[in-house]
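For reference, the chains in residue letters:
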Amino acid sequence: MEIILLGSGTAVPSPGRTPAAVLLVRQLTAYLLDIGPGAIHKMAARGIDPTSLQYIFLTHLHSDHTLDLATFLQMNDSNPEMERTLPVFLTGPRGTTVFYNGLMSLYPGIAPHNYPFTIKECEASQFELGEVRISTAFTHHTPTSLAYRFDFPEGSLVYTGDCADSAIYAEDTALVDLCSNVDILICECSFPAGWPGGDHLNASDAGQLAARAHVGQLVLTHLYPPAGRVDIAAQAGVHYTGTVCVAADDLSLSLPSRNS
Ligand SMILES: [Zn+2]
Ligand SMILES: [Zn+2]
C-alpha cells in the first residue's frame, strides 16, 4: 500500500506545504484522509484519477481539511468526458451532515446527481470497511474532532488530524490507545517544541505520543511555518527513539515499510 502526503501544511502559506490531505492507495482503492484545498488537483497530478475516489474521511471541519470537498463534488458532475456513477462514502465527525448541507446551500449546483452519496458521522467508534478495520478517537482539537486508525491486513496506521496539546492526554488516554503499536503514526506537529500548544501538538507533544504508544515510525505533518524553520525531527526524537520523518508535500511511504 502506498501512503502519499498530498498536503503537509495548513491554511498559512508555506513553501512546499499545501493544506491537509493524505492519500492511501491500496490495490485499486483510494482512501483520502482530509480534503484540504488543492487535494483533488494534487491527486490528479500524481496520476491517480480523482473520479475513482470513493472513500473520504474528515478528521474535523476546519477549512484547511475540508474545502476541496466542494471541488470534488463539482468535478463529479461537470466533467464532459465522464458521468460519475460510482458511489461516494464520506465519513466524518459529528457535524459533517450540517457542513455538507451548508455547502449545498452555497453551491446548489454541486449536489450529486447520478451517483449515491452517503455520509457517516462517527463518535469514538470502530467499524469495518471490507477487510479494513477502522477505529476512531476524539482529539479535543474541536469538540468533535477525530483521529483515525486503519488496520489493513498488511499493517496499520493512524492519522491524527489536528489535536489538542498533550496535557489532555494525561486524563484521556483514548488517542494514545488508538495509536498503540501502530506501524506508522502520521501525526500533526504544528509547532516547534516549547511552543504554547492549546489546540495543536508541538514537536515534543508528537514525540511523547509516539513514545507512549510504541509506534513503529513517526511522520510529522501539518507544519506551520515556524515548525519548518527548526529541526523538529530532532525535537520529537528527544522523546521518541524510533524513525522520525518530516513530511513534505507528495512524500510517499509504503506499508509494510520499505525498511521493515
Ligand atoms: Zn488544520
Ligand atoms: Zn483544525
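Attention in this report is confined to the structure presented alongside it. Here, residues in each chain are numbered from 1, in the same order as that chain's written sequence. Here the convention is simple: chains get letters from A, ligands get numbers from 1, in the order in which they are written. Only residues with pLDDT of at least 70 are given local features in this predicted model, and only at 80 or more are side-chain atom pairs given and counted; all residues enter the totals for whole chains, interfaces and linings. Each side-chain value is derived from all of the structure's non-hydrogen atoms; neither hydrogens nor water enter the calculation.

On to helix 4 (residues 96-106), then. Each residue is assigned to one of three classes by its accessible area relative to the maximum for its type, calculated with a 1.4 Å probe on protein chains only: buried under 20%, partly exposed between the two thresholds, exposed over 50%. Only DSSP runs of H or I covering at least 4 residues are called helices, and only runs of E covering at least 2 are called strands; the numbering of each starts at the N terminus. Among the residues of helix 4, Thr96, Phe99, Tyr100, Leu103 and Met104 are the ones counted as buried. Projected down its long axis, helix 4 carries its buried residues within an arc of 140°, all on one side. Residues of helix 4 that are exposed and point over 90 degrees away from its buried face: Val98 and Ser105. We call two residues in contact when some of their heavy atoms are within 4.5 Å. The elements touched by buried residues of helix 4 are helix 2 (63-66), helix 3 (68-77), strand 5 (88-93) and strand 6 (117-122). Arc definition: directions from the helix axis to the C-beta atoms.

Mapped onto the elements, Asp64 comes out in helix 2. Polar contact is defined as a pair of N or O atoms within 3.5 Å, subject to the rule that within protein one atom must be able to donate a hydrogen and the other to accept it, and that residues adjacent in sequence are counted only when both atoms are side-chain atoms. Only 3.3 Å separates the side chain of Asp64 from the side chain of His222, close enough to count as a polar contact. Residues in contact with Asp64, not counting those within four places in the same chain, are Thr10, Ala11, Pro19, Ala20, Gly36, Pro37, Asp162 and His222.

As a further point, take the coordination of the zinc ion (ligand 2). Coordination shells were defined by N, O and S atoms within 2.8 Å of each metal, extended to 3.2 Å for Na, K and Ca; water is absent from the atom set, which can make sites look incomplete. With distances of 2.2 to 2.4 Å, the protein atoms coordinating the zinc ion (ligand 2) are His60 (NE2), His62 (ND1), His141 (NE2) and Asp162 (OD). Site shape is set this way: if four donors have all angles between 85 and 135 degrees, tetrahedral; if opposite donors are over 155 degrees apart and all others between 65 and 115, square planar for four donors and octahedral for six; otherwise irregular. Each of the 4 donor atoms bound to the zinc ion (ligand 2) contributes to angles spanning 89 to 174°, and the resulting shape is irregular. Mapped onto the sequence, the donors of the zinc ion (ligand 2) take the spacing H-x1-H-x78-H-x20-D. A separation of 3.4 Å is found between the zinc ion (ligand 2) and the zinc ion (ligand 1), which are bridged by Asp162.

Another aspect to go through is the sheet that holds strand 4 (residues 55-57). Pairing between the strands of a sheet comes from backbone hydrogen bonds, and it takes one of two forms, parallel or antiparallel. If DSSP finds at least two bridges between two strands, the strands pair. If you walk across this open sheet you meet the 7 strands as 6-5-4-3-2-1-14, and the pairing is mixed. Where the open sheet ends on each side, the last strands, each with one partner, are strand 6 and strand 14 (251-254). Across this sheet, the average inter-strand angle for adjacent strands is 20°, counted without regard to direction. Direction of pairing for strand 1 (residues 2-7) relative to strand 14: antiparallel, over a ladder of 4 bridges. The partner of Ile3 across the bridge, within strand 14, is Leu253. A fitted line through C-alpha atoms represents every axis, and for helices the fit uses only the stretch in contact; the resulting angles, taken between N-to-C directions, go from 0 to 180 degrees.

Bringing the packing of aromatic side chains into the picture now. The pairing test for Phe, Tyr and Trp rings, Trp by its six-membered ring, is centres within 6.5 Å, and the orientation test on the planes gives stacked under 30 degrees, edge-to-face over 60, and tilted for anything in between. Enumeration over the complete set of coordinates arrives at 10 aromatic pairs. A centroid spacing of 5.2 Å and a plane angle of 90° characterise the contact between Phe57 and Phe150, whose relative ring orientation is edge-to-face. One end of the pair, Phe57, is in strand 4; the other, Phe150, is in strand 9 (residues 146-152), and 93 residues separate them in sequence. For Phe57, a relative accessible area of 2% translates into the label buried. Both rings, one in Phe191 and one in Tyr224, keep their centres 4.8 Å apart while their planes meet at 20°; by these two values the pair is stacked. One end of the pair, Phe191, is in the loop between strand 11 (184-188) and helix 6 (203-213); the other, Tyr224, is in the loop between strand 12 (217-221) and helix 7 (232-237), with 33 residues separating them in the sequence. Here the two residues Phe191 and Tyr224 agree in accessibility, since each one is buried. The structure contains a cluster of three or more aromatic residues connected by ring pairs, namely Tyr31, Tyr55, Phe57, Phe89, Tyr148, Phe150 and Phe152. Whether a charge lies above a ring is judged from NZ of Lys or CZ of Arg, which has to be within 6 Å of the ring centre and within 35 degrees of the ring normal. Over the ring of Tyr115 we find Arg84; its NZ or CZ atom is 5.3 Å from the centre of that ring.

What follows concerns the coordination of the zinc ion (ligand 1). Distances from the zinc ion (ligand 1) to its protein donors, Asp64 (OD), His65 (NE2), Asp162 (OD) and His222 (NE2), fall at 2.1 to 2.3 Å. Taken together, the 4 donor atoms surrounding the zinc ion (ligand 1) define angles of 89 to 166° at the centre, an arrangement classified as irregular. Donor residues binding the zinc ion (ligand 1) come from one chain and are separated in sequence as D-H-x96-D-x59-H.

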